[in-house]
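The chain contents come next:
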Amino acid sequence: MNSNDFAHQLFKALPIPSVLLKLDAPRFTIANVNKALLQVAQVLHEDELIGKSIFEAFPDTQNNDKANGVSKLRASLEKVIATGTTHEIPIQRYDIAVQNSSKFEIRYWQVKNIPIFSSNNLIEYIFHTTEDITERVLLEQKEQELEIVTAQKKI
């Protein structure tokens, strides 16, 4: 097995949902996705995503005036290109469509965009990872609510 085959198999097996993006700004076309991303996105085949712009594949949540995931992601990707360094987006709410429904599930994500360099030290791709941190965020929100209620009872 050559190193390219191994790297490809490793990428596909990563447990963190990940996408490999082309540098064709402002489009940022999906060049590859791993199995973890397909599961999170509730997509059966990678062909449904590969070749699409990441913004087309994952648009802002409809009917949510506060949705700003696309603009934050675009700014992060452009920062990676400009600086050649990894950029992490602060906790991002990005709801996921419930299959066979018009409803969405609230989700919170930790997102990293990592430059992948070619042998001649130019950025060739951006490695985009997402970690679902919804449970942690919701727990922190409940703890804050409990602290407020407790503080109000002391008054």
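Now for a look at the structure at hand. (Residues numbered from 1 in each chain as written. Predicted model: local features only at pLDDT ≥ 70, side-chain atom pairs only at ≥ 80, totals over all residues. Heavy atoms only, no water.)

### Let's talk about the overall build of the protein chain
Alright, step 1. For the protein chain, the count of helices and strands is five helices and seven strands.
Alright, step 2. Helices and strands appear in the protein chain in the N-to-C order α-β-β-α-α-α-β-β-β-β-β-α.
Alright, step 3. In terms of principal-axis extent, the alpha carbons of the protein chain reach across some 65 × 40 × 30 Å.
Alright, step 4. Residues classed as buried in the protein chain amount to 34% of the 155 residues present.
Alright, step 5. Across the protein chain, every contact between residues at least 6 apart in sequence was considered, and the portion connecting residues at least 24 apart equals 43%.
Alright, step 6. A total of about 10,200 Å² of accessible surface is found on the protein chain, and carbon and sulfur atoms cover 53% of it.
Alright, step 7. Each charge sign in the protein chain was given a centre, from 17 positive and 20 negative side chains, and these centres are 4 Å apart. (Helix = DSSP H or I, 4+ residues; strand = E, 2+ residues; numbered from the N terminus. Buried < 20%, exposed > 50% of the residue type's maximum accessible area, 1.4 Å probe, protein only. Contact = heavy atoms within 4.5 Å. Areas by Shrake-Rupley, 256 points an atom, 1.4 Å probe, with all protein chains shown as cover. Lys, Arg positive; Asp, Glu negative; His and termini not counted. Charge placed at Lys NZ, Arg CZ, Asp CG, Glu CD.)

### Things to note about the packing of aromatic side chains
Alright, step 1. Per the stated rule, a full pass over the model turns up two aromatic pairs.
Alright, step 2. On the numbers, 6.1 Å between centres and 65 degrees between planes, the contact of F11 with F127 is edge-to-face. Here the residue F11 occupies a position in helix α1 (residues 3-13), and F127 occupies one in strand β7 (residues 123-132), the gap between them amounting to 116 residues. Taken as a pair, F11 and F127 share a single burial class, namely buried.
Alright, step 3. Ring plane angle 85 degrees and centroid distance 6.2 Å describe the contact between F28 and F55, whose orientation is recorded as edge-to-face. (Phe/Tyr/Trp six-rings, centres within 6.5 Å; stacked < 30°, edge-to-face > 60°.)

### Here's the deal with helix α4 (residues 69-83)
Alright, step 1. The end-to-end C-alpha distance of α4, which contains 15 residues, comes to 21 Å, matching closely the 21 Å that a straight helix rising 1.5 Å per residue would cover.
Alright, step 2. For α4, the complete set of buried residues consists of G69, V70, L73, S76, L77 and V80. Projection of α4 onto a plane perpendicular to its axis shows the buried side chains occupying an angular sector of 130 degrees, all on one side.
Alright, step 3. In this structure, the buried side of α4 is in contact with β1 (18-21), α3 (54-57), β3 (87-93), β6 (108-117) and β7. (Expected span 1.5 Å × (residues − 1). Arc of directions from axis to C-beta.)

### Looking at the side chain of K12
Alright, step 1. One can find K12 in helix α1.
Alright, step 2. One polar contact links K12 to E46, side chain to side chain, over a distance of 2.4 Å.
Alright, step 3. Residues contacting K12, with those up to four places away along its chain left out, are N32, V33, N34, K35 and E46. (Polar contact = N/O pair within 3.5 Å; in protein donor to acceptor, adjacent residues only side chain to side chain.)

### Looking at unusual backbone geometry
Alright, step 1. Across the junction of A25 and P26, the peptide omega takes the value 10 degrees, indicating a cis bond.
Alright, step 2. Residue placement: P26 occurs in the loop between β1 and β2 (30-33).
Alright, step 3. One non-glycine residue, Q42, lies in the positive phi region at around 55 degrees.
Alright, step 4. Inspection of the secondary structure puts Q42 in the loop between α2 (35-41) and α3.
Alright, step 5. Residue classification places Q42 among the partly exposed residues on the basis of a relative accessible area of 29%.
Alright, step 6. Although it is not a glycine, N121 adopts a positive phi angle of roughly 65 degrees.
Alright, step 7. With respect to the helices and strands, the residue N121 is situated in the loop between β6 and β7.

### Comments concerning the environment of L122
Alright, step 1. Locating L122 in the fold gives a position in the loop between β6 and β7.
Alright, step 2. Sequence spacing of L122 and G84 is 38 residues, and the spatial spacing of their C-alpha atoms is 8.7 Å.
Alright, step 3. Beyond its immediate stretch of four places on either side in the chain, L122 contacts I116 and F117.

Spatial relationships are all this shows, so hold off on functional conclusions.
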